[in-house]
Amino acid sequence: MNALTLFSALRNRRYARLYAAQTISQIGDALTWVGLALLAAQLAGPAQAPAILAVALTIRVTAFVLLSPLAGVLADRVNRRTVLASCDFGRMLILGAMFFVTEIWQIYALMFLLNALTAFFTPTNQATIPLVVGREDARPAFALSSATTEVLGILGPGLAGLLAATLGTRTLFMVDAASFLLSGLLILSLPALRASDAPVERSTLQDVKDGTARLWRDPPIRFALLMELVAAMAGALILTVTISRVEGSLNLGGTQYGWVMAAYGLGAALASLAVGSAGKRIPLTRFIALGALVTSVAILPGDVLPLGGLMVFWLLAGVGQNWVNLPTETLLAELTEEAAQGRVYGAHFAWSHLWWAFAYPVAGLLGTRLPNHAFLVGGGLATALLLGIWWTHRARLEGGRAAA
């Protein structure tokens, strides 16, 4: 196999349209956060913009943790095309309303509504990929989606900045709204996307509990979920402490910070290609364990590396992050029957974001209390956690199913 294996999923016309809709909506996501930062600076001044963004990110994670399990249950019961298109059209209206914002509280209210819809869209979309391509072909489909996400994460902010400079900050939200309109129309062109026609015999609460229970009772899935906590510890340090390392200790500027974070995103994009090209020759749990190890070890020397070294090691950290997250999404598809995939992806989306809610305060504490040793200590904690998880799951993974 080679990297072209990733694009084999596009031969499936339904997946090709779903992929196009996802890509367009992710371009919109990139515009949203750049536009939000610029709007916050306009309304409250540059000094207060970081605080506003921090609150908005907290609102985002809160919406994901609270609502995504319900989204997963809904995805198992109704036509997923309706859920996905409704979320896109709803986000179109909310972003259109951002054009008229004049107060900070309006930003917070609209961000909660926007991320509430994202909490319904993302796990439903994840559960729909194996429904469209089949569980056997889920690996290249997830890999292509992941690679596209990472590439847009690198290119999107630059595109958003260019559009903002050309059209103005508020007009950026109208372009963003148009992207969700187009995404929703593409999704409506798909046939019905139903997981099962079986009658619902359980309550919503029972299905929410079942989604979480499935994450924790299956050894390979539980192992993957816990490794995502390791990845979140390392990732939170990268996202919160890198700026002080580059602009503080190294005494460099925003351009160099952009280079370092672009290397991080590039590593994740390249890692997606590797997962997709490997097919089923390498067990997913091996990818996940290796990824957690790479991202944890890569940040250890971050406190002493020069700019060039930081870019190289952050590229490796990006590879490791992706080798935890992407194989986990695929593992859920391969080890969960179709009728339960919605609630499992919904529960996973909530738990994986809960890990970040824990990791961000730890990273912030290390960055402020141990500014010269934050990466060493944080990487050490992540590595120790990884070893503990591996030791407690090693025997069960060795005797587990082939898909793992």
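Residues numbered from 1 in each chain as written. Predicted model: local features only at pLDDT ≥ 70, side-chain atom pairs only at ≥ 80, totals over all residues. Heavy atoms only, no water.

1. With respect to the overall build of the protein
Thinking step 1. Scanning the protein from N- to C-terminus turns up 13 helices and 0 strands.
Thinking step 2. Relative to the 2.2 N^0.38 estimate, which gives 22 Å for 404 residues, the radius of gyration of the protein is 21 Å and therefore close to what a compact globule would have.
Thinking step 3. Along the first, second and third principal axes, the C-alpha set of the protein runs to 60 × 50 × 40 Å.
Thinking step 4. The 404 residues of the protein split such that 52% are buried.
Thinking step 5. When contacts within the protein are restricted to residue pairs at least 6 apart in sequence, long-range pairs at least 24 apart make up 86% of them.
Thinking step 6. Total accessible area on the protein stands at roughly 16700 Å², and carbon and sulfur atoms take up 68% of it.
Thinking step 7. For the protein, the separation between the mean place of its 27 positive charges and that of its 21 negative charges on side chains is 3 Å. (Helix = DSSP H or I, 4+ residues; strand = E, 2+ residues; numbered from the N terminus. Rg over C-alpha atoms; globule rule 2.2 N^0.38 Å. Buried < 20%, exposed > 50% of the residue type's maximum accessible area, 1.4 Å probe, protein only. Contact = heavy atoms within 4.5 Å. Areas by Shrake-Rupley, 256 points an atom, 1.4 Å probe, with all protein chains shown as cover. Lys, Arg positive; Asp, Glu negative; His and termini not counted. Charge placed at Lys NZ, Arg CZ, Asp CG, Glu CD.)

2. Side note on the UniProt feature "transmembrane region" (unreviewed entry) in the protein
Thinking step 1. Per the UniProt entry, the sites bearing "transmembrane region" (unreviewed entry) are residues 21-45, 51-75, 171-193, 223-244, 256-275, 287-317 and 373-391 in this numbering.
Thinking step 2. The span residues 21-45 is 96% helix and 0% strand, and its two end C-alpha atoms sit 35 Å from each other.
Thinking step 3. A distance of 29 Å separates the end C-alpha atoms of residues 256-275, which is 100% helix and 0% strand. (UniProt positions renumbered as here; feature names shortened; annotations may be inferred.)

3. Notes on empty space enclosed by the protein
Thinking step 1. Within the structure shown, the criterion is met by 1 cavity of 30 Å³ or more.
Thinking step 2. When its volume is computed, the largest cavity comes out at roughly 50 Å³.
Thinking step 3. Taken together, Asp29, Thr32, Trp33, Arg60, Arg91, Leu114, Asn115, Thr118 and Phe180 make up the lining of the largest cavity.
Thinking step 4. Contributing elements (two or more residues each) for the lining of the largest cavity: helix H1 (13-44) and helix H4 (104-133). (1 Å grid on protein atoms, 1.4 Å probe; cavity = no way out; pocket = protein on both sides within 12 Å on 5 of 7 lines; lining within 4 Å. Points joined across faces, edges and corners; volume = space filled by probe spheres on them.)

4. Here we look at the pattern of salt bridges
Thinking step 1. Scanning all chains against the criterion turns up 9 salt bridges.
Thinking step 2. Arg343 is the partner of Asp210 in a salt bridge, and the nearest nitrogen-oxygen pair spans 2.7 Å. Here Asp210 is found in helix H7 (residues 204-217), whereas its partner Arg343 is found in helix H12 (residues 341-369), with 133 residues between them in sequence. As far as burial versus exposure is concerned, Asp210 and Arg343 are alike and both buried.
Thinking step 3. Each of Asp76, Arg77, Arg80, Asp207, Asp210, Arg214, Glu337 and Arg343 takes part in one network of salt bridges that share partners. (Salt bridge = Lys/Arg side-chain N within 4 Å of Asp/Glu carboxyl O.)

5. Overview of the packing of H7 against helix H8 (residues 219-249)
Thinking step 1. Viewed as axis vectors pointing N to C, H7 and H8 meet at an angle of 95 degrees, and their least axial separation amounts to 5 Å. When the axis of H7 is compared with that of H8, the two are roughly perpendicular. In contact with Arg214, Leu215, Trp216 and Arg217 of H7, H8 contributes Pro219, Ile221, Arg222, Leu225 and Leu226.
Thinking step 2. Looking at the contact of H7 with H8 residue by residue, the classes come out as 6 nonpolar, no polar and 3 charged. (Axes fitted to C-alpha atoms, helices over the stretch in contact; angles between N-to-C directions. Parallel < 35°, antiparallel > 145°, perpendicular 65-115°, else oblique. Nonpolar A, V, L, I, M, F, W, Y, C, P; charged D, E, K, R; others polar.)

6. Re the side chain of Thr32
Thinking step 1. By the secondary structure assignment, Thr32 is in helix H1.
Thinking step 2. A residue is classified by how much of its surface remains accessible, and Thr32, at 1% relative accessible area, is buried.

7. A word on the environment of Val133
Thinking step 1. When you line up the elements, Val133 lands in helix H4.
Thinking step 2. Sequence-distant contacts of Val133, defined by excluding residues within four places in its chain, comprise Asn12, Tyr15, Ala138 and Ala141.

8. Focus: the environment of Ala54
Thinking step 1. Tracing the chain through its elements places Ala54 in helix H2 (residues 49-77).
Thinking step 2. For Ala54 and Leu300, which are 246 residues apart along the polypeptide, the C-alpha to C-alpha distance reads 26 Å.

9. A few points about the environment of Gly320
Thinking step 1. Here Gly320 is to be found in helix H11 (residues 307-335).
Thinking step 2. A relative accessible area of 0% means that Gly320 is categorised as buried.
Thinking step 3. Counting along the chain gives 213 residues from Gly320 to Ile107, while the straight-line C-alpha distance between them is 34 Å.
Thinking step 4. The contact partners of Gly320, leaving out residues within four places of it in the chain, are Gly291, Ala292, Val294 and Thr295.

10. Some thoughts on the packing of aromatic side chains
Thinking step 1. Tallying each qualifying case throughout the model produces 12 aromatic pairs.
Thinking step 2. Both rings, one in Trp314 and one in Phe375, keep their centres 5.1 Å apart while their planes meet at 85 degrees; by these two values the pair is edge-to-face. Taken together, the residues Trp314 in helix H11 and Phe375 in helix H13 (residues 374-398) connect sequence positions 61 residues apart. Each member of the pair, Trp314 together with Phe375, is buried.
Thinking step 3. Here Trp356 and Tyr360 contribute two aromatic rings whose centre-to-centre distance is 5.6 Å and whose plane-to-plane angle is 50 degrees, an arrangement assigned as tilted. Taken together, the residues Trp356 and Tyr360, both in helix H12 and 4 residues apart, mark about one turn of the helix.
Thinking step 4. The structure contains a cluster of three or more aromatic residues connected by ring pairs, namely Trp216, Trp351, Trp355 and Phe358.
Thinking step 5. For the cation-ring pair, Arg91 lies above Phe121, with the distance from its terminal atom to the ring centre recorded as 4.4 Å. (Phe/Tyr/Trp six-rings, centres within 6.5 Å; stacked < 30°, edge-to-face > 60°. Lys NZ or Arg CZ within 6 Å of the ring centre and 35° of its normal.)

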